[in-house]
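# Structural characterization, general
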Amino acid sequence: MPHLGLVTVVVRDYDEAVAFYRDALGFELLEDTPLDGGKRWVVVAPPGARETAVLLARAAAGEQAARVGDQTGGRVGWFLHTDAFDRDYERMRAAGVVFEETPRHEQYGTVAVFRDLYGNRWDLIQLDRAGGAA
């Protein structure tokens, strides 16, 4: 069955992006392969992720560089699901992740918006046992 394999986040620098996703968000570095022209194929994912991972792609000059930190026009673009909201929220805050709000309880679960190191907006979300949106 088809599934979404990778989503791209345009970054300013490979190493700083890897450090943030690994150390602050707790992701695993799945691949870091050098390519021609100083490029790299860098893939990270939350521990245990089975299908979708994040490709960290260094921006080239111009239009790509202008998109770093604003890939979705200010909207939340990524949804990081957790099975232990309080644990991950506190761990991420302690690692320097900037949350825009305190956690809130919605009909579908617990959620709080945070920004990655470039300003892209993410949801940290724990769905209630009945399922829900996101």
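Everything in this summary refers to the structure shown in the same document. Here the structure is a predicted model, which is why all the values come from computation and not from measurement.

## Focus: the environment of histidine 105
With respect to the helices, strands and loops of the structure, histidine 105 is situated in strand S7 (residues 104-106). Its relative accessible area of 66% is what places histidine 105 among the exposed residues. For histidine 105 and aspartate 128, which are 23 residues apart along the polypeptide, the C-alpha to C-alpha distance reads 9.7 Å. A polar contact is formed between the side chain of histidine 105 and the side chain of threonine 110, at a distance of 2.9 Å.

## Concerning the sheet that holds strand S2 (residues 28-34)
A sheet is described by the order of its strands in space; here 4 strands give the open sequence S1-S4-S3-S2, paired in mixed fashion. With partners counted over all chains shown, the strands left at the sheet margins are strand S1 (6-11) and S2, one partner each. The mean inter-strand angle of the sheet, taken between neighbouring strand axes irrespective of direction, is 25°. Each of S1, S2, strand S3 (40-45) and strand S4 (53-58) touches helix H1 (residues 14-24); the most contacted strand, S4, lies at about 155° to it.

## Let's talk about the pattern of salt bridges
Using the criterion set out here, one finds 13 salt bridges in the structure. Measuring nitrogen to oxygen at the nearest pair gives 3.0 Å for the salt bridge that ties arginine 40 to aspartate 15. Here arginine 40 is found in strand S3, whereas its partner aspartate 15 is found in helix H1, with 25 residues between them in sequence. Classification of aspartate 15 by relative accessible area gives partly exposed; the value is 47%. For arginine 104, the salt bridge goes to glutamate 101, with nearest N and O atoms at 2.3 Å.

## A few points about the side chain of aspartate 123
Its place among the elements puts aspartate 123 in strand S9 (residues 121-127). Nearest to the buried, unbridged aspartate 123 among oppositely charged side chains is arginine 104, at 5.3 Å. Other than its neighbours up to four places away in sequence, aspartate 123 contacts Val76, Trp78, Phe79, Leu80, Val111, Ala112, Val113 and Phe114.

## Considerations on helix H3 (residues 85-94)
Every buried residue belonging to H3 is among Phe85, Asp88, Tyr89 and Met92, and all of these are buried. For H3, the arc enclosing every buried residue in end-on projection is 100°, short of the 170-degree limit, so these residues lie on one face. Turned more than 90 degrees away from the buried face of H3, the exposed residues are Asp86 and Ala94. Following H3 by one or two positions, glycine 96 has its phi on the positive side, about 95°.

Calculation rules
- Residues numbered from 1 in each chain as written.
- Predicted model: local features only at pLDDT ≥ 70, side-chain atom pairs only at ≥ 80, totals over all residues.
- Heavy atoms only, no water.
- Helix = DSSP H or I, 4+ residues; strand = E, 2+ residues; numbered from the N terminus.
- Buried < 20%, exposed > 50% of the residue type's maximum accessible area, 1.4 Å probe, protein only.
- Polar contact = N/O pair within 3.5 Å; in protein donor to acceptor, adjacent residues only side chain to side chain.
- Pairing = 2+ DSSP bridges.
- Axes fitted to C-alpha atoms, helices over the stretch in contact; angles between N-to-C directions.
- Contact = heavy atoms within 4.5 Å.
- Salt bridge = Lys/Arg side-chain N within 4 Å of Asp/Glu carboxyl O.
- Lys, Arg positive; Asp, Glu negative; His and termini not counted.
- Arc of directions from axis to C-beta.

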